[in-house]
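Structure assessment
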Amino acid sequence: MRTVLPGATLGILGGGQLGRMFALEAKRMGYRVVTLEPSPDSPCGQVADVQIEAGYSDPGALRRLAEECDVITYEFENIDAGAVEFLEGLGKDVHPGSRVLRISQDRLLEKNFLRDSGLGVTAFMAVDSEADLMEAARTVGLPAVIKTVRGGYDGKGQAVVSDEAGALAAFRKLHGDHPLIWERKVPFLKELSVVACRGIDGKATAFPVSENIHVDNILDTGIVPARISATAAERARSVAKSVGDALGIVGSYCVELFLIEGDQVLVNEIAPRPHNSGHYTLDACVCSQFEQQVRAICGLPLGSTEVLKPSVMINILGDGKGNTLFGADEAMREANLVLHLYGKTQAVAKRKMGHFTVLGDSVESALAKALAARALLRWG
Ligand code: AMP
């Protein structure tokens with residue numbers, strides 16, 4: 001593939017905050033950006049050169065995107081893989097490609113792929129009937145997490161079950177057109193993630209491991225470097241690189257992991273795009289996950305993933321109590337805090353409105369300052 005140099009136009013399917021941060025980095029590097037997104041005035045559309053306001057699968061809009069852009073990527077995995085195939089069919093480079101998208105948007109394909117690639121995952125089974133459910137309870141075991149195979153994110157479309165009655169209730173609630181996946185619940189010590197990036201030449205780089213704290217299944221806090229042993233950190237980064245190689249992915253991606261006893265890691269899921277847990281890279285690293293994405297899809301050499309300072313990232317979620325964020329001025333008295341807001345006007349409960357990152361000389365000092373800053377923020 002030819003190198004796409006600054007001055008060229010990058011396309012992005014999806015107009016959310018990941019697209020916005022990608023566009024900001026791409027524009028800093030001298031690229032034009034076109035986003036395809038149905039919601040007007042989207043977080044990405046606000047900073048892109050052009051927002052094509054249409055559905056992600058609209059053939060006319062996809063054709064226009066292909067005409068205007070030199071290379072295309074996407075910012076979330078719930079777009080139709082058929083839309084990416086359509087662009088590929090027009091002869092357009094889309095990174096990561098439709099195959100990666102297909103695998104990562106289907107939890108069964110994904111888990112089978114990981115297992116077949118020799119990577120550690122929890123025991124699992126496809127469940128498409130009540131008979132399957134009883135078999136899963138016997139063979140895979142309880143407690144379990146039952147999940148929809150497609151479309152779930154941030155804990156939506158899943159249930160933790162500890163007995164057969166609970167499993168049956170969850171099955172009846174969640175089962176629809178697709179089978180469900182029954183996963184043995186992992187007794188994890190910590191949740192981790194590694195954002196990595198793989199170039200067109202197959203060279204991969206992995207950022208340091210993030211230790212992730214979730215609240216209500218939504219990422220709340222990311223701590224980097226993760227407070228884990230060097231062995232566990234090395235394993236996590238090595239697994240992340242192996243996932244990228246196995247997928248043949250081009251671009252930034254995230255591997256979410258469970259840390260279990262014995263410094264072992266199991267893969268929970270893959271996101272074929274920059275990830276919330278990698279936002280710290282914008283402020284704490286030489287090169288961010290978004291810059292890496294630009295470099296990878298443009299065929300440029302990847303940058304350094306070195307982390308310059310320990311950091312703590314905290315998400316700012318809406319709570320439905322108002323659309324104005326108060327306290328940012330007080331929080332910013334902490335001079336090592338960097339605030340990112342995504343330009344969303346409606347602070348609906350649990351909606352990701354922004355995040356901030358605090359840098360410190362140690363993870364402990366960054367964490368203390370970040371928690372103090374969070375206590376100052378409120379919606380009204
Ligand atoms: P997911 O949508 O797969 O990322 O799951 C959301 C959250 O549910 C994860 O961050 C974990 O906290 C929890 N979870 C998901 N799958 C499992 C599992 N097999 N065992 C234990 N916890 C899980």
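Reading the values: rules and limits
Residues numbered from 1 in each chain as written. Predicted model: local features only at pLDDT ≥ 70, side-chain atom pairs only at ≥ 80, totals over all residues. Heavy atoms only, no water. Buried < 20%, exposed > 50% of the residue type's maximum accessible area, 1.4 Å probe, protein only. Helix = DSSP H or I, 4+ residues; strand = E, 2+ residues; numbered from the N terminus. Pairing = 2+ DSSP bridges. Domains from an automatic or database assignment. Buried area = accessible area lost by both parts, 1.4 Å probe. Salt bridge = Lys/Arg side-chain N within 4 Å of Asp/Glu carboxyl O. Near = heavy atom within 4 Å. Polar contact = N/O pair within 3.5 Å; in protein donor to acceptor, adjacent residues only side chain to side chain. Nonpolar A, V, L, I, M, F, W, Y, C, P; charged D, E, K, R; others polar. Axes fitted to C-alpha atoms, helices over the stretch in contact; angles between N-to-C directions. Parallel < 35°, antiparallel > 145°, perpendicular 65-115°, else oblique. Left-handed = near helix turned anticlockwise from the far one by under 90°. Contact = heavy atoms within 4.5 Å. Arc of directions from axis to C-beta. Phe/Tyr/Trp six-rings, centres within 6.5 Å; stacked < 30°, edge-to-face > 60°.

Bringing the pairing of strand β6 (residues 144-148) into the picture now. Burial within β6 is extensive, with five of its five residues counted as buried. Neither face of β6 is left uncovered, since the one carrying A144, I146 and T148 and the one carrying V145 and K147 both have all their residues buried. Summarising the sheet, β6 and strand β7 (residues 158-161) pair through four bridges and their orientation is antiparallel. Of the residues in β7, the one forming a bridge with V145 is V160.

Once that is clear, we can look at the domain arrangement of the chain. When cut into domains, the chain gives domain 1 (9-94), domain 2 (123-184) and domain 3 (190-379). For domain 1 versus domain 3, the distance between C-alpha centres works out to 23 Å. A per-residue breakdown of the area domain 1 buries against domain 3 is headed by Q17, L18 and M21, which together make up 29% of the total. Inspection of the domain 1/domain 3 interface yields two salt bridges.

This paragraph deals with the site of the ligand. Lining the immediate environment of the ligand, one finds 15 residues, of which R107, K147, V186, E191 and E269 sit closest. With respect to the ligand, the backbone of V186 contributes an N or O atom lying 2.8 Å from a nitrogen atom. Of all the secondary-structure elements, those providing two or more residues to the shell around the ligand are β6, β8 (180-184) and β14 (264-271). Among the residues forming the shell around the ligand, the class breakdown is four nonpolar, four polar and seven charged. Each of domain 2 (123-184) and domain 3 (190-379) contributes no fewer than three residues to the shell around the ligand.

Within the element layout of this structure, D220 appears in strand β12 (residues 218-224). Polar side-chain contacts of D220 include one of 2.6 Å to the side chain of T221.

Bringing the packing of helix α1 (residues 17-28) against helix α10 (residues 289-297) into the picture now. Interhelical geometry of α1 versus α10 gives an angle of 70° and a closest axis separation of 8 Å. Compared by their axis directions, α1 and α10 come out roughly perpendicular. Here the hand of the crossing between α1 and α10 comes out right-handed. Here L18, M21, F22, E25, A26 and R28 of α1 lie close against α10, whose contacting residues are F290, E291, Q293, V294 and I297. The residue makeup of the contact of α1 with α10, split by class, is seven nonpolar, one polar and three charged.

Where helix α2 (residues 59-68) is concerned, the buried positions are A61, L62, L65 and A66. The buried residues of α2 occupy an angular sector of 140° when the element is viewed end-on, so they sit on one face. Of the surrounding secondary structure, the elements contacted by the buried residues of α2 are β1 (9-13), β2 (32-36), β3 (50-52), β4 (71-74) and α3 (81-89). N-cap assignment for α2: the residue whose side-chain oxygen lies 2.9 Å from the backbone N of G60 is D58.

With that settled, the discussion passes to the packing of aromatic side chains. Enumeration according to the criterion identifies two aromatic pairs in this entry. On the basis of an interplanar angle of 70° and a centroid distance of 5.3 Å, the ring pair of Y56 and F76 is categorised as edge-to-face. Placement of Y56 in the loop between β3 and α2 and of F76 in the loop between β4 and α3 is noted, with a sequence separation of 20 residues between them. Since its relative accessible area comes to 24%, F76 is described here as partly exposed. An angle of 5° between the planes, with centres 5.0 Å apart, marks the rings of F188 and F258 as stacked. Taken together, the residues span a long stretch of sequence, with F188 in the loop between β8 and β9 (190-198) and F258 in strand β13 (residues 251-260) at a distance of 70 residues.

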